[in-house]
Amino acid sequence: MNASARPTPQAAALRDPAWAGRVFWIGATLVLLWPLGVATEFRPWLLLQPDSLRVSGHFMASFMPPAMAPDFLRLVARETWRTVAIATAGITLALCIAWPLTLMSTRVLSISALSGRMARGPFWLRQGLRWVLIVLRSVPELVWALVFVRVVGLGATAGVLAIALTYGGMLGKVYGEILESGEAHVTEALLRNGGGRLQAFFYALLPQNAAELTSYTVYRWECAIRSSVVLGFVGAGGLGQQMDNSMKMFNGGEVATMLLVFMALVALADHTSAWLRRALG
Amino acid sequence: MTTPKTHLMPPPLFDARCKACWFTLGLIALVVASFWSLDLQWAQFLSLDAARSMGRFLGEFFPPDLSAPFLAKVALGTLETLAMSALGTGLAALGGLLLALPASRLHATDPARARAPTRLLLNALRSIPELVWAAMLLISAGLGPFAGTLALAFHTTGVLGRLFAEAVENAPPGPADALRTQGVGTAQVFVYATLPQVLPQLMSYTLYRWENNIRAAAVLGVVGAGGLGQLLAFHMGLFHMGKTATILGAMLLLVALVDALSYLGRRLMSR
C-alpha cells in the first residue's frame, strides 16, 4: 500500500470508524421489521386516505369544546367516584385473598425448616399455594372481567371481582417475596423459642417489613384505579363504560371531558401514592 | 392524692396529633364508602343460582376446541399479538428517543425551552391506557391489528420518552462536554457522546416495556384491535365456549412463557 492511498489525517478524523457496522445493523433491523409490518397490517397510508381523514378529522374536531353541561358533569363526577370505589373495594378484597395465602405460603414461617430442610408435606402445600397465586396473577384482569360480566351481568360487581382476583395474586406473590427477602434472624429466634407462627409474624416479620408492604399496596391501588377505567370498556361500570358509550356515539366533546377527568384522576392518584410512600419512608 | 400511673396504661388508641390514626381513619372511611356506594350484587353472585350458572359456564369450556384448523387460527392470532407488541414497542422506542431530546436538558447552559411542553405531551401520552388509545384509534384506523399496534406505540412512547429523558439527563457529562468544547454540533455530540453511554439503559427499558406490551397486546383486542384478544371477544360473543377455552389457554401460555423467559433472562444476566 503506497502513501498516496492513505487517507489524509483530516479525512481520517472525520470518518466514522464504525460506519459499516451501523449501516449493517440498521439494514438488518429493517429486514426483520418487514414481516412484523405484514403481520400487523401496518399500513399508515390508510390513515391519510380522504374518507378516513374525514372521519377522524370530524371526530377530533368535535373534541373542542369539551362537553360541560351540568347534567353531564354530574354524571362524570358520579362515574369517577365509582371508578375509585371499584378500585378500592377490589384492592380490599384482594388483600383478603392475598394475606391468608401469603401467611400460608411464606417459607420464613416454616417451623420444620428450622431444623434444616422443610418437611415434605408443608413444602408441597407452600409450593401449591404459590402456584395458585401465580395462576391468579397471570390471568389478565380484563379476562376475569369478561368472564364475570357473563356471570353477574354488567356493572361494578364484575369489575370489583376481576380486580380482587388479579391483584390478590399479585399482592400475595410480592408480599411473599418481600417477607422472604428480609433478615430472618428475629423471626427465627421467636420460632426457635417456642413462639407461634402468628406471633412470629406480628412481632418480627410484620414490623420489619411494614413500610415496604404498605408502599407496595399503595402503588397497586394506584394501578387498580387505572385498570378499573379500562375494565369499564368491557362493561364493568365506572368512567370507562361511559367513555366507551360516548366513543360509540362519536361524541368527541364527552370523550374529551372524560379523558381530561381521567388524566386528572391518574395524576391525583400518582401524587397521593407518591406522597404516602414518601411519608412511610 | 396519688399521681395517676400513666406509665402502666397502654397508650391511648386515638390521639388528634397522630398522623397514622388520621390516615387509618381516612382509609377505613374510603373503604366503607366504596363498598356502600357500589351496588354490589353479592346476593346474586353468592346465590345457588349464580353458582349453578358459573358451573355451567365453566363446564361449557370443556372440551376445548383443539381441531387443527382452529389451532392454526389461534397460532396465527398469537403471532399477530407478538408482532403487534414488537412493532409497537419498536415504534415507541423511536418516538420516545425523538421526544426525549427536546424533553431533556442536554447540558448545563441548555435553555431547554421545549422541556416543559414536551414532558406534558409525554405525560398525556402515558396517562391514557393502551386500551383507551385502541378504542379511539379504531375510529381512524379501523378494526384490526393496525389500531392495536398504534395504540401500544402511543402509550409506550409516553412511558419510554420519559424514561429516556431521565437517562439522557443523568448521563455523565464528560465526553459530551469534551466534544462540545471542540465545537462539534449538537446532533453529533448526542450521537457520538451521549447515546453510546445511555444505549444499554435504553435497551433494557425497551426490552422491559416489550415484555409488558406482550401482555397488554394479548388483551388489547377485546375492543377489536387485533391479536388473541379480538379472537377471544369474537368467540365469547358468539358463545363458542370450546373455542373460548382454547384461546384463553393460549393467552395464559403466552403470558407464562414471557414471564418464564424474562425470569430466566434476568437470572442469566445478573449472574
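Residues numbered from 1 in each chain as written. Chains lettered and ligands numbered in written order. Predicted model: local features only at pLDDT ≥ 70, side-chain atom pairs only at ≥ 80, totals over all residues.

A.B. asks: Please set out the overall build of chain A residue by residue, giving values where relevant.
C.D. replies: Tallying secondary structure elements over chain A gives 11 helices and zero strands in all. The order of helices and strands in chain A, counted from the N terminus, is α-α-α-α-α-α-α-α-α-α-α. Here chain A has a C-alpha radius of gyration of 28 Å; the compact-globule value for 281 residues is 19 Å, and the former is much larger. Here the C-alpha coordinates of chain A stretch approximately 80 × 80 × 40 Å along the principal axes. Restricting to contacts in chain A with at least 6 residues of sequence separation, those with at least 24 account for 76%. (Helix = DSSP H or I, 4+ residues; strand = E, 2+ residues; numbered from the N terminus. Rg over C-alpha atoms; globule rule 2.2 N^0.38 Å. Contact = placed C-beta atoms within 7 Å.)

A.B. asks: I'd like to hear about the packing of helix α10 (residues 239-248) of chain A against helix α11 (residues 252-280) of chain A, residue by residue, with values.
C.D. replies: Residue and element names in this part refer to chain A. In contact at an axis separation of 9 Å, α10 and α11 are set at 155 degrees when each is read in the N-to-C sense. What the angle tells us is that α10 and α11 run roughly antiparallel. The hand of the α10/α11 crossing is left-handed. Every residue of α11 that contacts α10 at Leu-239, Gln-242, Met-243, Ser-246 and Met-247 is listed here: Glu-254, Val-255, Met-258 and Phe-262. Here the contact of α10 with α11 is composed, by residue class, of six nonpolar, two polar and one charged. (Axes fitted to C-alpha atoms, helices over the stretch in contact; angles between N-to-C directions. Parallel < 35°, antiparallel > 145°, perpendicular 65-115°, else oblique. Left-handed = near helix turned anticlockwise from the far one by under 90°. Nonpolar A, V, L, I, M, F, W, Y, C, P; charged D, E, K, R; others polar.)

A.B. asks: Before we move on, can you summarise the interface of chain B and chain A with the specific residues and values?
C.D. replies: If you look at the interface, chain B gives 49 residues, while chain A gives 44 residues. Taken together, the residues of the side of chain B that touches chain A break down into 35 nonpolar, 10 polar and four charged.

A.B. asks: Let's hear about the confidence of the model for chain A: which residues, and what values?
C.D. replies: On average, residues of chain A score 85 in pLDDT, and 95% of them are at 70 or above. When pLDDT is averaged over each helix and strand of chain A, the minimum, 58, is found for helix α1 (residues 9-14) of chain A and the maximum, 92, for helix α4 (residues 70-105) of chain A. (pLDDT = per-residue confidence, 0-100.)

A.B. asks: Describe helix α7 (residues 156-181) of chain A, listing the residues and the values that go with them.
C.D. replies: Along an α-helix, residues three or four positions apart point the same way, because every turn accommodates 3.6 residues. When the terminal C-alpha atoms of α7(A) are compared, their 37 Å separation across 26 residues agrees well with the 38 Å that a helix rising 1.5 Å per residue should span. Burial within α7(A) is extensive, with 22 of its 26 residues counted as buried. (Expected span 1.5 Å × (residues − 1). Buried ≥ 20, exposed ≤ 12 C-beta atoms within 10 Å, placed from the backbone.)

A.B. asks: Report on the nonpolar core, specifying residues and quantitative values.
C.D. replies: In this structure, A:Ala145, A:Ala162, A:Ile163, B:Ala134 and B:Ala151 are the most contacted members of the largest nonpolar core, which totals 123 residues. It is α7(A) that provides the largest number of residues to this core, a total of 14 residues. When residues no more than four places from it in sequence are discounted, the contact partners of A:Ala145 are A:Ala158, A:Gly159, A:Ala162, A:Leu231, A:Val234 and A:Ala236. (Core = buried A, V, L, I, M, F, W, Y, C linked by C-beta atoms within 7 Å.)

A.B. asks: Summarise helix α6 (residues 130-141) of chain B; cite the residues concerned and give the values.
C.D. replies: Counting buried positions over the 12 residues of α6(B) gives 10, a clear majority of the element. Elements that come into contact with the buried residues of α6(B) comprise α9 (197-232) and α10 of chain A together with α7 (145-170) and α9 (186-220) of chain B. Downstream of α6(B) by one or two residues, B:Gly142 has phi in the positive range, about 80 degrees.

A.B. asks: So what about unusual backbone geometry? Which residues, and what values?
C.D. replies: In this model, A:Phe250 sits at a positive phi of 55 degrees, which is unusual for a non-glycine residue. One can find A:Phe250 in the loop between α10 and α11. Of note in this structure, B:Phe239 is not a glycine but carries a positive phi near 60 degrees. Within the secondary structure, B:Phe239 is located in the loop between α10 (227-237) and α11 (241-270).

A.B. asks: Kindly report on the confidence of the model for chain B, identifying the contributing residues and their values.
C.D. replies: Counting all residues, the mean pLDDT for chain B is 85, and 97% of those residues have values of 70 or more. Mean pLDDT per element in chain B: helix α2 (residues 42-46) of chain B is the minimum at 73, and α7(B) is the maximum at 92.

A.B. asks: Can you lay out the packing of helix α4 (residues 68-100) of chain B against α11(B) for me, pointing to particular residues and giving the numbers?
C.D. replies: Residue and element names in this part refer to chain B. It is at 11 Å that the axes of α4 and α11 come closest, and there the two elements cross at 40 degrees. Between α4 and α11, the interaxial angle falls into the category oblique. The hand of the α4/α11 crossing is right-handed. Of the residues in α11, those touching α4 at Phe-70, Val-74, Thr-78 and Thr-81 are Lys-243, Thr-246, Ile-247, Ala-250 and Leu-254. Residue composition of the contact of α4 with α11, by class: five nonpolar, three polar and one charged.

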